[in-house]
Amino acid sequence: MPSGLVVLRDQQLLAMGAVMFDRYASEVLAHVREIFPQRLRAMGDEAARALIASALSRGKALGLRRERNLTLFVDLFFALGAPWEAEPGAAWLREILNDLDRSEDARMWLIYRRLPARCPDAGDRPVAP
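Residues numbered from 1 in each chain as written. Predicted model: local features only at pLDDT ≥ 70, side-chain atom pairs only at ≥ 80, totals over all residues. Heavy atoms only, no water.

Draft legend 1. Up close: the side chain of R107. Topologically, R107 is positioned in helix α5 (residues 104–118). Despite its burial, R107 pairs with no opposite charge; the closest candidate is E104, at 5.9 Å N-O. Beyond its immediate sequence surroundings of up to four residues, R107 is in contact with L62, G63, L64, I96, L97, D99, L100 and R102. (Helix = DSSP H or I, 4+ residues; strand = E, 2+ residues; numbered from the N terminus. Buried < 20%, exposed > 50% of the residue type's maximum accessible area, 1.4 Å probe, protein only. Lys, Arg positive; Asp, Glu negative; His and termini not counted. Salt bridge = Lys/Arg side-chain N within 4 Å of Asp/Glu carboxyl O. Contact = heavy atoms within 4.5 Å.)

Following this line, the structure appears as structure tokens:
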């Protein structure tokens with residue numbers, strides 16, 4: 001066993017982070033495959049992985065840090081379709097997501113509490129509503 005301090009360089013930390021991100025993205029893909037099987041079959045694994053990476057990046061930009069909340073955010077992209085943020089009917093979602101006075105848990109809870117009434121056609125279909 002080495003004695004003394006172990007020095008981790010930035011490149012090593014980035015590589016470790018990339019491995020952890022890839023592992024988490026694979027877990028999210030398995031989750032999406034279970035929750036949205038029709039959508040995933042229609043789009044394929046490669047497109048699904050790209051959508052997951054995009055959604056995770058966007059979720060982080062919105063201040064989502066917890067895996068649970070990031071996974072729920074990815075679910076929105078599969079349930080509502082990738083361009084949902086640009087839709088006029090999604091203003092209520094954008095308002096909640098951008099309300100940084102609320103915790104990330106509170107924001108996701110509010111979204112999922114309101115989602116069934118506001119987006120009754122959302123869910124698992126080969127094509128987003």
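There's more to say after this.
Draft legend 2. Inspection of the packing of aromatic side chains at higher detail. Enumeration over the complete set of coordinates arrives at 4 aromatic pairs. With a centroid separation of 6.0 Å and an interplanar angle of 25°, the aromatic rings of F36 and F78 are classed as stacked. Taken together, the positions of F36 in the loop between α1 (10–35) and α2 (37–61) and F78 in helix α3 (residues 67–80) put the pair 42 residues apart, joining distant regions of the chain. For the pair F36 and F78, a shared accessibility class is recorded, and that class is buried. Geometrically, the ring pair formed by F73 and W84 is edge-to-face, given 6.1 Å between the ring centres and 75° between the ring planes. Note that F73 is positioned in helix α3 and W84 in the loop between α3 and α4 (91–97), a separation of 11 residues in sequence. Among the aromatic residues, those joined into a cluster by ring pairs are F73, F77 and W84. (Phe/Tyr/Trp six-rings, centres within 6.5 Å; stacked < 30°, edge-to-face > 60°.)

Draft legend 3. Highlighting the packing of α3 against α5. Packing of α3 against α5 leaves a shortest axis separation of 10 Å and a crossing angle of 30°. As summarised for this structure, α3 and α5 are arranged roughly parallel, according to the angle between their axes. The handedness of the crossing between α3 and α5 is left-handed. Each of N69, L72, F73, D75, L76 and L80 in α3 lies in contact with α5, whose residues at this interface are E104, D105, M108, I111, Y112 and L115. In terms of residue class, the contact of α3 with α5 is made up of 8 nonpolar, 1 polar and 3 charged. (Axes fitted to C-alpha atoms, helices over the stretch in contact; angles between N-to-C directions. Parallel < 35°, antiparallel > 145°, perpendicular 65-115°, else oblique. Left-handed = near helix turned anticlockwise from the far one by under 90°. Nonpolar A, V, L, I, M, F, W, Y, C, P; charged D, E, K, R; others polar.)

Just geometry here; none of it tells us what the structure is for.
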